[in-house]
Amino acid sequence: MKILILGCGQVGSTIASTLAMTPNNDITVIDVDDSALGKLKAKLDIQTVQGNAASPVTLQQAGAPDADLILAVTRSDETNMVACRMANVLFNTPGRIARVRRSEYLEFTTEHDEYPSSLDLFDITESISPEQLVTEQIVNLLKHTSALQVLSFADDKARMVVIRAQKGGLLVGNPLGDIHNHLPEQVDCQICAIYRNNRLIVPTPSTVLIEGDEVFILVPTEHTDTIMRELRPNAQRTRRVMIAGGGNIGYRVAKQLESRFDIKIIEFNHKRAEWLAENLNNALVLKGSATDEGLLDSEYIDEIDVFCALTNDDEDNIMSGMLAKNLGAKRVMAIVNRSSYVDLLEGNAIDIVISPHLITIGSILAHVRLGDVVAVHALRRGASEAIEVVIHGDKHTSKMVGRTPDEIKLPNGCYFAAVVRGDEVIMAHHDVILADGDHIIFFVARRRVVQELEKLVQVKLGFFG
């Protein structure tokens, strides 16, 4: 594919690095910052063009007339939207994906037949909203507060939960093969991977789970809580949540969960605090700074079950999160954009570090990967992935359809996790004959083998004859 990436920030540069791993991809990155482009070009075999990404001259210079896909991920929503419009009208670029942050663009609808939303006016084929994706992740984590990550697949019929094993879990200290001794007959799951001291262990029935293991487990959604008890003792139910930052993400999280939890939200800006108070029904809005020890103390931070630092400032999130933990908050999660901070923080002063750019990248990759890819979720700071694909064809046109998983040789480091067929989530899948339309969920421990997996799931040309 010939792909133009507009924007050389964290998302743009990481996407470029990922897509450049595929030899047949022809990547060009556009940005106004010539220095950032130079650093990226020194590391990758790509083309770069310095200039305004929404300029037709710049787009033409970068090869837009021959491009298959434009990924508009600059820091400006307006630049991304205009670039997509230019790409379609002037250069007939088939794929146009834009990162759009502002809710007024995403949510505005009309009764106009041709342009039912504002995004349709700009000919955007797919929009990626980081704030919406991050909100979904935080809401899932608050519903399952023992988890490090909660990822949805197949219209939320199945979830992958990442949990750190803790003493008191029913399975901890026992072989994995014992898990069905504790579970009701109708409950099944698939333990996809275990990381122990940052080393991958491929699970077998004889593998003994020990405290501190990072476990990746796929479950039918309705059995999530039952399976989590296998790995951690019964956690006290989350009741009290404090949110630092009343921006779009903080507001959306509070709005979705205010009927479920007792929520306090701290906002420094006086006008924004007033707006929050008018638009939230049950949440208590506090005007002040989340790094104010006196404020946290006066609001009984030591009784808070989960403290969420969701401002736009990494340093504020880190400091308020560490302060809340030190003052007695039971669990702390924080949004941190700088990838260099993530490894330093997670599991220490801050329990869960949420990386918006990694979440965004996963969503973009689902639209770029070859084959019918439904979802891509970055795991372990982007080193691993969970991928959902739909397989098509028959035994002659597909390397998967008409075969059992045991008959398919997967790339080294890639593992079957589950098969979703209609409403059925099949975990004991080794003797299941895969069929056209099945959703297959894979755990990929080494991202560099994704290209080989793509070849496996693609349909031969005869399928289209």
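Just above, that's the structure.
Remember, predicted model here, so these are calculated numbers, not experimental data.

Peer 1: I would appreciate a short explanation of unusual backbone geometry in the present structure.
Peer 2: Most of the time, phi is negative for any residue but glycine, and the peptide bond is trans. One non-glycine residue with positive phi stands out, namely D155, at about 55°. In this fold, D155 is placed in the loop between strand 7 (147-153) and strand 8 (158-164). With a relative accessible area of 75%, D155 lands in the exposed category. Of note, the phi angle at N198 is positive, near 65°, even though the residue is not glycine.

Peer 1: What is the right way to look at the side chain of R159 in this model?
Peer 2: Tracing the sequence through the fold places R159 in strand 8. Judged by its relative accessible area of 10%, R159 is buried. Side chain to side chain, R159 and H144 meet in a polar contact 3.0 Å long. At 2.9 Å, the side chain of R159 and the side chain of D156 are in polar contact. When neighbours within four sequence positions are excluded, R159 is seen to be in contact with N140, H144, V150, L151, S152, I217, L218, V219, T221 and T224.

Peer 1: Could you clarify how one ought to interpret the side chain of H144 in this entry?
Peer 2: In this fold, H144 is placed in the loop between helix 6 (130-143) and strand 7. Residue contacts for H144: discarding those within four places in its chain leaves V150, R159, T224, D225 and M228.

Peer 1: I would appreciate a short explanation of the pairing of strand 18 (residues 372-379) in the present structure.
Peer 2: Look at any regular strand and the pattern is simple: side chains alternate between the two faces of the sheet. Where strand 18 and strand 19 (residues 384-390) come together, 7 bridges link them in antiparallel fashion. By the bridge assignment for strand 19, L379 is matched with S384. What sits between the antiparallel neighbours strand 18 and strand 19 is a turn of 4 residues, in which R380 has the positive phi angle 50°.

Peer 1: Would you mind showing me how to read the sheet that holds strand 1 (residues 2-6) here?
Peer 2: In spatial order, the strands read 3-2-1-4-5-6; together these 6 strands make up an open sheet with parallel pairing. Strands at the two margins of the open sheet, each flanked by one partner only, are strand 3 (47-50) and strand 6 (126-128). Along the sheet, successive strands turn relative to each other by an average axial angle of 15°, direction set aside. Bridge analysis of strand 1 against strand 2 (residues 26-31) gives 5 bridges, and the strand direction is parallel.

Peer 1: Where do I start with the packing of helix 6 against helix 14 (residues 356-368) in this structure?
Peer 2: Each packed pair of helices is defined by two parameters, the angle between the axes and the distance between the axes. Where helix 6 meets helix 14, the axes come as close as 9 Å, and the angle between the chain directions of the two elements is 105°. Between helix 6 and helix 14, the angle falls in the class roughly perpendicular. Residues P130, L133, V134 and Q137 of helix 6 pack against P356, I359, T360 and S363 of helix 14. Of the residues contributing to the contact of helix 6 with helix 14, the split by class is 5 nonpolar, 3 polar and no charged.

Peer 1: Would you mind showing me how to read the packing of aromatic side chains here?
Peer 2: Each aromatic ring pair is described using two quantities: the centre-to-centre distance and the angle formed by the ring planes. Under the counting rule described, the total for this entry stands at 4 aromatic pairs. Taken together, a centroid distance of 5.6 Å and an interplanar angle of 65° make the contact between Y195 and F216 edge-to-face. Residue Y195 is located in strand 9 (residues 190-196), and its partner F216 is located in strand 11 (residues 214-220); the two are separated by 21 residues in the primary sequence. On the basis of relative accessibility, which here comes to 1%, the residue F216 falls in the buried class. Ring centres of F416 and F442 lie 5.1 Å apart, and the angle between their planes is 40°; on these two criteria the pair is classed as tilted. Of this pair, F416 sits in strand 20 (residues 414-421) while F442 is found in strand 22 (residues 439-444), placing the two residues 26 residues apart along the sequence.

Peer 1: Teacher, can you tell me more about a positive patch on the surface here?
Peer 2: Together, K143, R237, R239 and R260 make up a positively charged patch on the protein surface. Along the chain, R237 falls in the loop between helix 8 (224-228) and strand 12 (240-244).

Peer 1: I keep staring at the nonpolar core and nothing clicks. Help me out?
Peer 2: Core analysis: the largest hydrophobic core is formed by 72 residues, its most contacted members being I138, L142, M160 and I217. Those residues within four positions of M160 in sequence are excluded, and the remaining contacts are Q149, V150, L151, F153, C192, F216, I217, L218, L379, A386 and F443. I27, L44, I97 and L365 belong to the second largest nonpolar core, which has 46 residues in total.

Peer 1: Sorry, what's going on with the pattern of salt bridges here?
Peer 2: Side-chain pairing between opposite charges can occur once the charged atoms of the two side chains come close. This structure, assessed with the given rule, holds 10 salt bridges. Between D26 and K2 there is a salt bridge, with its nearest N and O atoms 3.6 Å apart. Here K2 lies in strand 1 and D26 lies in strand 2, a separation of 24 residues in the sequence. Its salt-bridge partner being D305, residue K330 comes within 3.9 Å of it at the nearest N-O pair. With a gap of 25 residues between them, K330 in the loop between helix 12 (314-326) and strand 16 (331-335) and D305 in the loop between helix 11 (293-298) and strand 15 (306-309) connect regions that are remote in the sequence. One salt-bridge network, in which partners are shared between bridges, spans R164, E214 and R380.

Peer 1: Could you clarify how one ought to interpret helix 14 in this entry?
Peer 2: A turn of α-helix holds 3.6 residues, and therefore any two residues three or four places apart point the same way. Here helix 14 contains 13 residues, and its C-alpha end-to-end distance of 19 Å stays within 8% of the 18 Å for a straight helix at 1.5 Å per residue. The element helix 14 is largely enclosed, with a buried count of 12 among its 13 residues. Taken together, the buried positions of helix 14 are P356, H357, L358, I359, T360, I361, G362, S363, I364, L365, A366 and V368.

The rules behind the values
Residues numbered from 1 in each chain as written. Predicted model: local features only at pLDDT ≥ 70, side-chain atom pairs only at ≥ 80, totals over all residues. Heavy atoms only, no water. Helix = DSSP H or I, 4+ residues; strand = E, 2+ residues; numbered from the N terminus. Buried < 20%, exposed > 50% of the residue type's maximum accessible area, 1.4 Å probe, protein only. Polar contact = N/O pair within 3.5 Å; in protein donor to acceptor, adjacent residues only side chain to side chain. Contact = heavy atoms within 4.5 Å. Pairing = 2+ DSSP bridges. Axes fitted to C-alpha atoms, helices over the stretch in contact; angles between N-to-C directions. Parallel < 35°, antiparallel > 145°, perpendicular 65-115°, else oblique. Nonpolar A, V, L, I, M, F, W, Y, C, P; charged D, E, K, R; others polar. Phe/Tyr/Trp six-rings, centres within 6.5 Å; stacked < 30°, edge-to-face > 60°. Patch = residues over 30% accessible without salt bridge, like charges linked within 9 Å, V, L, I, M, F, W, Y side chains within 5 Å. Areas by Shrake-Rupley, 256 points an atom, 1.4 Å probe, with all protein chains shown as cover. Salt bridge = Lys/Arg side-chain N within 4 Å of Asp/Glu carboxyl O. Lys, Arg positive; Asp, Glu negative; His and termini not counted. Charge placed at Lys NZ, Arg CZ, Asp CG, Glu CD. Core = buried A, V, L, I, M, F, W, Y, C linked by side-chain atoms within 4.5 Å. Expected span 1.5 Å × (residues − 1).

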